[in-house]
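Survey of secondary and tertiary structure
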Amino acid sequence: MTLLDLWLSRSIPMCLLLQSLVLMALCFPSASMCPKGCICQRDPHLHGLNVTCSQARLKEIPSLPVDTVLLRLDHNQIGAVPDQAFHGLRLLRELNLSYNAVETLGEGAFSGIEATLQVLDLSHNRITSVHKDAFARLKARVIVDDNPWHCDCALQQAIGGMAHNHEASARVLCRSSELRDHEGRPFMAVDTDLCNLAKRTTDYAMLVTMFGWFAMVISYVVYYVRQNQEDARRHLEYLKSLPSKPKKPDEADDISTVV
C-alpha cells in the first residue's frame with residue numbers, strides 16, 4: 001500500500017464524519033442556541049423551532065434562536081418587554097407571554113415580528129398601560145384578558161389600532177379610568193372619547209394656571225400701589241409735624257424799614 005492509498009483510506013472516513021456533523025447541525029438545534037431551562041424542538045411542518053420556556057423561572061426575555069416559530073414564555077416572572085426584544089425572529093408565528101408580571105408595553109415591544117406574528121397572548125399579567133402604537137402594526141390576534149387596565153386615551157388608541165380590536169376590547173376590563181364611572185366596567189362600555197377628555201382636562205388646567213398667575217400679578221400691583229400710598233401719607237404727615245422755621249431779627253428790621 002502506497003502512502004497515497006493510506007492517506008485516502010484515512011481521509012474518507014473523516015470526510016464522512018464531517019458531513020454527518022454538518023447534517024446534524026442543520027437538522028437539530030445546537031444546545032448553545034436553546035436558552036437555559038427551555039426545550040427546543042424542530043417543527044418539520046413550520047420549518048422552524050418550537051421553543052418552550054414555560055415555568056423556567058425566567059425574569060427577563062432570553063436570547064432566542066433566529067428560526068423560532070412558536071415561543072412559549074408563559075408562567076414565568078418576566079416583568080418587562082424591552083423595545084425590539086424579539087427583533088430578528090422573522091419566522092415567529094405564535095408568542096405566549098401569559099401568566100407573567102409585565103406592567104407596561106412600549107412602542108417597540110413587538111418591533112420586527114409584526115408581519116409574521118399570528119397570535120399574541122398577554123393574558124394574566126399586570127399590564128396597566130401601553131403605548132398608543134404598541135399594537136399598531138400587528139396583524140396578530142391579541143389576547144389581553146385579566147390585566148388591571150387603566151382605561152385612558154393611550155389604551156383607546158392602542159386598541160383602535162389592533163387588527164382584531166373588537167375581540168380585544170371586549171375582553172378589557174377597566175380596573176381604573178380617567179372617568180370614575182367607567183371603573184370596573186368593560187372597555188366596550190366606554191363610549192367617551194378619552195383623548196378629547198384628556199385635551200379638555202389639559203386646557204382647563206392651563207386656564208386655571210393662567211388665571212392663578214393673573215390673580216397673583218393683580219394682587220401684587222394692588223399691594224404695591226397701596227404700600228406707596230401709605231408711604232406717601234406718612235411722609236406728608238411727617239412734613240406737617242415739623243416746626244416752622246423762626247424769622248431772623250435782621251429780616252424783621254428790613255421789613256419795618258420797607259414799610
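Residues numbered from 1 in each chain as written. Predicted model: local features only at pLDDT ≥ 70, side-chain atom pairs only at ≥ 80, totals over all residues. Heavy atoms only, no water.

An unreviewed UniProt entry annotates the protein as Leucine-rich repeat-containing protein 3B originating from Collichthys lucidus. Regarding the protein, the relevant UniProt record gives this comment under Sequence similarities (unreviewed entry): "Belongs to the LRRC3 family." (UniProt positions renumbered as here; feature names shortened; annotations may be inferred.)

Digging into the pattern of salt bridges
This model, assessed by the stated rule, comprises five salt bridges. A salt bridge links Glu114 to Arg137, with the nearest nitrogen and oxygen atoms 3.7 Å apart. You can see Glu114 sitting in the loop between strand 5 (104-105) and strand 6 (119-121) and its partner Arg137 sitting in the loop between strand 7 (129-130) and strand 8 (141-143), a full 23 residues away along the chain. Owing to a relative accessible area of 49%, Arg137 belongs among the partly exposed residues under this scheme. Taking the shortest distance from any N to any O, the salt bridge between Arg171 and Asp145 comes out at 2.6 Å. In this pair, Arg171 sits in the loop between helix 3 (165-170) and strand 10 (174-177) while Asp145 sits in the loop between strand 8 and strand 9 (149-151), placing the two residues 26 residues apart along the sequence. Judged by relative accessible area, which is 42%, Arg171 ranks as partly exposed. (Salt bridge = Lys/Arg side-chain N within 4 Å of Asp/Glu carboxyl O. Helix = DSSP H or I, 4+ residues; strand = E, 2+ residues; numbered from the N terminus. Buried < 20%, exposed > 50% of the residue type's maximum accessible area, 1.4 Å probe, protein only.)

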